[in-house]
Amino acid sequence: MEEKTAAQQLRDKLLHQKKNGWDVVDEAAEQAIFHYCEGYKIYLDRGKTERTCVEYTVELAKAAGFVALERGMTLTPGMKVYRVNRGRAVNLAVIGSAPLDQGVSIVAAHIDSPRLDLKPTPLYEDSELAFLKTHYYGGIRKYQWVTIPLELRGVVAMKDGSLVSVSVGGHEGDPQFTIDDLLPHLGADQSKKPLGEAIPGESLNILVGSRPLKGDDGAGRVKLAVLKLLHERYGITEADFISAEIEAVPAFNAVDIGFDRSLIGAYGHDDRVCGYAGLKALLDLNGTPCRTAVCVLADKEEIGSEGVSGMQSAFFDTFVSDLCDSQNVPLKTCLEKSFCLSCDVTAAYDPNFAEVYEKNNSAMVNQGVGLCKYTGARGKSGSSDAGAEAVAYVRRLLDDRGILWQMAELGKVDQGGGGTVACYMANRNIDTLDAGVPVLSMHSPFETVSKLDCYMTYAACKAVYEG
Ligand code: MN
Ligand code: MN
């Protein structure tokens, strides 16, 4: 090895140099990265909606020894507990050896993703074609949701209190659904419209049938034939859509992207890529952590974290408070000492759209988990803007373990912005920092992430739990 020049030594000492993670990781780490991502792809395919994501999460947790938390339970160090919030969100904890007045270490992610929800009166027939009307959920670019295969997943809550699970399009041999678009031959007017206006929300109607009911000459024969099939399969009638939550999500599964298989393309990376990281890190904890480790998988982030299953809900406080009560620790004493990694995706720098990014402060694919001191829009509005001390704490945690990370913000200052659950955790008097996987084509039906970044986010979550 050649001796480093004085200038090179100065470079090493003074400059914050960005590195491609694949140049840094050894062979064992490469194997760990690819292995981890196989589990993640299954998590994506099983959990395309928040409800199915919760179901699979609980399945994995139970297999790892977690039990349902009951109020008044005696909790001893090393115990693993979880609580589901109305089927749509879930909190999990591993009780630490330190008392809860020392705070808890939290990873908070969300498991809802942008999609198309069915309206309460969705089914109609026009020109002997049956459609389902939708109301999109979260920020979507509507033009991306036409002419792709869709599946329907969700539940119908019956008046008798029973819950009927609906899932069509995700199983081998299932029929699937789609939303049609105009042919280019007749698209002259549409093509002149701005991208955001070319596909109006009210035209996102899902094609679900075209065969009329045999022997019937009344109105709406195709619609009636569809209802007949639904009744035969699920025992539901048109009125039951009123108390249903059925989501149209892309019907394709997660796949490797690239000749080198270094990336994953899938629906719902935002934010199950961080949800899985937080969950898997908790499941993989070796022994009893010092501080109690808490994994939050919240719902409704994409529409503002509102509501009973969102991060603003008292469900989280009730969960931690139930843990605290078992040790006679006031909740406020616990929260003020706690730390939260608000684990959510960030935008990956995309050279095809370089004009919206500020390269020095963008998350690059393959440079590791992206830390964000702040999110927000129009001057950090809506962001909790973590304290410098919180950022330093995480820098140390990650550097001590050789976990690859990068500092990032979403894009150019005036281009837009976004939010996460961070502010709702910080509002609870918890030091909180945003961190997550950089994503290409975020919020599209088919988002792309780097396997290395997925794994580094998992490692970061584990570091937070271990403290
Ligand atoms: Mn998100
Ligand atoms: Mn999002």
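Just so we're clear, the structure is a prediction, and the values are computed from it rather than from any experiment.

Draft legend 1. Up close: unusual backbone geometry. The linkage connecting Asp270 with the following residue, Asp271, adopts the cis geometry, with an omega of 10 degrees. Inspection of the secondary structure puts Asp271 in helix 7 (residues 269-283). Of note, the phi angle at Asn366 is positive, near 75 degrees, even though the residue is not glycine. Structurally, the position occupied by Asn366 is in the loop between strand 15 (346-347) and strand 16 (369-372). Judged by its relative accessible area of 11%, Asn366 is buried.

Draft legend 2. Molecular detail of the coordination of the manganese ion (ligand 1). Each protein donor to the manganese ion (ligand 1) is listed here as His110 (NE2), Asp270 (OD), Asp344 (OD) and Asp344 (OD); together their distances run 2.1 to 2.5 Å. Each donor residue of the manganese ion (ligand 1) lies on the same chain, and together they follow the pattern H-x159-D-x73-D. A distance of 3.3 Å spans the gap from the manganese ion (ligand 1) to the manganese ion (ligand 2), which Asp270 bridges by coordinating each metal. Placement of Asp270 in helix 7 and of Asp344 in the loop between strand 14 (339-343) and strand 15 is noted, with a sequence separation of 74 residues between them. As far as burial versus exposure is concerned, Asp270 and Asp344 are alike and both buried.

Draft legend 3. Broad picture of a nonpolar patch on the surface. A contiguous nonpolar patch, built from Leu10, Leu14 and Leu15 and spanning about 310 Å² of accessible area, is present on the exposed surface. Its place among the elements puts Leu10 in helix 1 (residues 6-14).

Draft legend 4. Quick peek at the nonpolar core. One finds Tyr43, Leu92, Leu282 and Leu398 to be the most contacted residues of the largest nonpolar core, which totals 66 residues. Here this core gets 11 residues from one element, more than from any other, and that element is helix 12 (residues 451-466). Look past the residues within four positions of Tyr43 in its chain and what remains in contact with it is Cys53, Tyr56, Thr57, Leu60, Ile111, Arg272, Tyr276, Leu279 and Leu297. Within the second largest apolar cluster, 33 residues are counted, among which are Met158, Phe177, Ile206 and Ile236.

Draft legend 5. A look at the coordination of the manganese ion (ligand 2). Within the protein, the manganese ion (ligand 2) binds to Asp270 (OD), Glu302 (OE), Glu302 (OE) and His443 (NE2); these donor distances fall in the range 2.0 to 2.6 Å. Each donor residue of the manganese ion (ligand 2) lies on the same chain, and together they follow the pattern D-x31-E-x140-H. What makes Asp270 buried here is its relative accessible area of 3%. The class of Glu302 is buried, set by a relative accessible area of 12%.

Cut-offs and rules
- What you see as residue numbers is a count from 1 along each chain, following the sequence as written.
- The lettering of chains begins at A and the numbering of ligands begins at 1, in the order of writing.
- Local features in this predicted model are restricted to residues of pLDDT 70 or higher, and side-chain atom pairs are both shown and tallied only at a pLDDT of 80 or more, whereas totals for entire chains, interfaces and linings draw on every residue.
- Hydrogens and water are ignored here; the side-chain numbers use all heavy atoms of the structure.
- A helix here means a DSSP run of H or I that spans at least four residues, while a strand means a run of E at least two residues long, and both kinds are numbered starting from the N terminus.
- When a residue's accessible area, from a 1.4 Å probe over protein chains only, is under 20% of the maximum for its type it is buried; when over 50% it is exposed; and in between it is partly exposed.
- The rule for donors is simple: an N, O or S atom within 2.8 Å of the metal counts, and for Na, K and Ca the reach is 3.2 Å. Water is not among the atoms, so a site may look short of donors.
- To count toward a patch, a residue needs a relative accessible area above 30% and no salt bridge. Like charges then connect within 9 Å, nonpolar side chains (Val, Leu, Ile, Met, Phe, Trp, Tyr) within 5 Å.
- Computed by Shrake-Rupley with a 1.4 Å probe, the accessible areas treat only the displayed protein chains as cover when residues are assessed.
- For this analysis, a salt bridge means a side-chain nitrogen from Lys or Arg found within 4 Å of a carboxyl oxygen belonging to Asp or Glu.
- Each nonpolar core is a collection of buried residues, namely Ala, Val, Leu, Ile, Met, Phe, Trp, Tyr and Cys, held together in the definition by side-chain atoms within 4.5 Å.
- Should any heavy atoms of two residues lie within 4.5 Å, those residues are counted as being in contact.

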